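Architecture and fold: a report
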Amino acid sequence: MIIDLKDNERIDDLQRNGYQIIQKQNGFCFGMDAVLLSGFAIVKPGERAVDLGTGTGIIPILLEAKYDGIHYTGLEIQEEVADMARRSVALNHLEDKISIVTGDIKEASRLFGAASFDVVTSNPPYMNDAHGLKNPDLPKAIARHEVLCTLDDVTREASRLLKPGGRFYMVHRPHRLIEIITSLKNYGMEPKRMKMVHPFVDREANMVLIEAVRGGKSMIKVEAPIIVYKEQGVYTDEIYTIYGY
């Protein structure tokens, strides 16, 4: 299929199922956190999943490549970015499996209806120091800072979207872990799995992956950490496995 690329766009190979993705050459591109979340999340056969703040659609595309879920949805507030995601879905002939919806995370349960998904994923903005940004409307600022939604907005809407017993998967920053767990529990979700991500074996964690269950009982499993690099510029075997090489 021939897909029209707009100014400053490129097509990248995802190394999974021959899939590709359209991204901005100097804009906000998906990162390691999105790939790690797609490796941590689980979608069972016949389940429906939604990704909140999907950006260019990387997480639904990678999850579709890995799992036999019946359908995947990506919700993105920025129309230009959502358009890129839709064209990536078309590029990979996945229109029957993945839908990209333009909309606000804060309105997600109203858009889709309560208890309408088995799985919710999110790679939300990490930084809650949005005030003082020079250009808070820029795509990079919106993706990284809590300009348009907060952590509470994400967890609240995830809880509302999930069926009872449904699973929420999120990647975030360890320094906000207490806030994350408090927010999850406030909205009736119980953390069940957690995995820390370290850039090197002797460095402190810079990401945390969390699975929470709507209405789950209180018990969490802290899994073995992920180490990203063996040495500068050389991924560990686990990272290559997650990437699909």
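The structure reproduced in this document is the subject of the present report. (Residues numbered from 1 in each chain as written. Predicted model: local features only at pLDDT ≥ 70, side-chain atom pairs only at ≥ 80, totals over all residues. Heavy atoms only, no water.)

1. Thoughts on helix α1 (residues 32–40)
One turn of an α-helix holds 3.6 residues; hence residues three or four places apart share an orientation. For clarity, the cut-off: Type-normalised accessible area, obtained with a 1.4 Å probe on protein chains alone, sets the label of each residue: buried when under 20%, exposed when over 50%, and partly exposed for intermediate values. Runs of H or I in DSSP of at least four residues are treated as helices and runs of E of at least two as strands, each being numbered from the N terminus.
Judged by how many residues are buried, α1 sits mostly within the fold: eight of nine residues are covered. When we look at burial in α1, the residues that qualify are Met-32, Asp-33, Ala-34, Val-35, Leu-36, Leu-37, Ser-38 and Phe-40.

2. With respect to the side chain of Glu-190
Note the threshold: For the purposes of these results, a polar contact is taken to be a pair of N or O atoms within 3.5 Å, where, inside protein, one atom must be able to donate a hydrogen and its partner to accept one; residues adjacent in sequence count only when each atom of the pair is a side-chain atom. The contact criterion used is simple: two residues touch if any of their non-hydrogen atoms lie within 4.5 Å.
On the secondary structure map, Glu-190 appears in strand β8 (residues 189–198). Polar contacts involving the side chain of Glu-190 include one to the side chain of Ser-218, which spans 3.4 Å. For Glu-190, the residues in contact, after removing those within four places along its chain, are Lys-185, Glu-211, Ala-212, Val-213, Gly-216, Lys-217, Ser-218 and Met-219.

3. Brief notes about the pairing of strand β1 (residues 9–13)
The condition that has to hold: Pairing between strands is defined by DSSP: at least two bridges between them are needed.
Pairing geometry for β1 and strand β2 (residues 20–24), over five bridges, is antiparallel. When the bridges of β2 are listed, Arg-10 appears paired with Gln-23. In textbook terms, the turn of a hairpin is the stretch between consecutive antiparallel strands, and for β1 and β2 this stretch comprises six residues, one of which, Gln-15, has a positive phi near 60°.

4. Thoughts on the packing of aromatic side chains
This is how it is decided: When the centres of two rings from Phe, Tyr and Trp lie within 6.5 Å, Trp using its six-membered ring, the rings pair. Their planes under 30 degrees apart give stacked, over 60 give edge-to-face, and anything left gives tilted. For a Lys NZ or an Arg CZ to count as sitting over a ring, it must be within 6 Å of the ring centre and within 35 degrees of the ring normal.
Applying the stated criterion across every chain, the model contains five aromatic pairs. Both rings, one in Phe-40 and one in Tyr-169, keep their centres 6.0 Å apart while their planes meet at 85°; by these two values the pair is edge-to-face. Remark: Tyr-169 occurs in strand β7 (residues 162–172) and Phe-40 occurs in helix α1; sequence separation between them is 129 residues. Of the two residues, Phe-40 and Tyr-169, neither departs from the other in class, the shared state being buried. On the numbers, 5.5 Å between centres and 85° between planes, the contact of Phe-112 with Phe-117 is edge-to-face. Taking the relative accessible area as the measure of exposure, Phe-112 reaches 23% and is therefore partly exposed. Classification of Phe-117 by relative accessible area gives buried; the value is 7%. Each member of the aromatic cluster is reached from another via a ring pair, and the members are Phe-200, Tyr-229, Tyr-235 and Tyr-240. Positioned above the aromatic ring of Phe-40, the side-chain terminus of Arg-193 is 3.9 Å from the ring centre.

5. Focus: the packing of α1 against helix α2 (residues 58–66)
To keep it simple, the criterion reads: Fitted lines through C-alpha atoms serve as axes, helices being fitted only where they are in contact, and the angles separating the N-to-C directions of these axes extend from 0 to 180 degrees. When the near helix sits turned anticlockwise from the far one by under a right angle, the crossing is termed left-handed; a clockwise turn instead gives a right-handed crossing. For this classification, the nonpolar set comprises Ala, Val, Leu, Ile, Met, Phe, Trp, Tyr, Cys and Pro, the charged set comprises Asp, Glu, Lys and Arg, and every other residue, Gly included, is treated as polar.
Relative to each other, α1 and α2 sit at 35°, their axes nearing to 9 Å. Both α1 and α2 take part in a crossing whose hand is right-handed. Along its contact with α1, which presents Ala-34, Val-35, Leu-37, Ser-38 and Gly-39, the element α2 presents Ile-58, Ile-59, Leu-62, Leu-63 and Lys-66. Here the contact of α1 with α2 is built from residues that sort into seven nonpolar, two polar and one charged.

6. What about the pattern of salt bridges?
Convention followed: Salt bridges are counted wherever a side-chain nitrogen of Lys or Arg sits within 4 Å of a carboxyl oxygen of Asp or Glu.
For the coordinates displayed, the defined rule picks out 20 salt bridges. Ionic pairing is found between Glu-47 and Arg-167, a salt bridge with its closest N-O pair at 2.7 Å. In this pair, Glu-47 sits in the loop between α1 and β3 (48–52) while Arg-167 sits in strand β7, placing the two residues 120 residues apart along the sequence. Residue Asp-83 pairs with Arg-87 through a salt bridge whose shortest N-O separation is 3.0 Å. Of this pair, Asp-83 and Arg-87 both sit in helix α3 (residues 79–91), four residues apart, which is roughly one turn of that helix.

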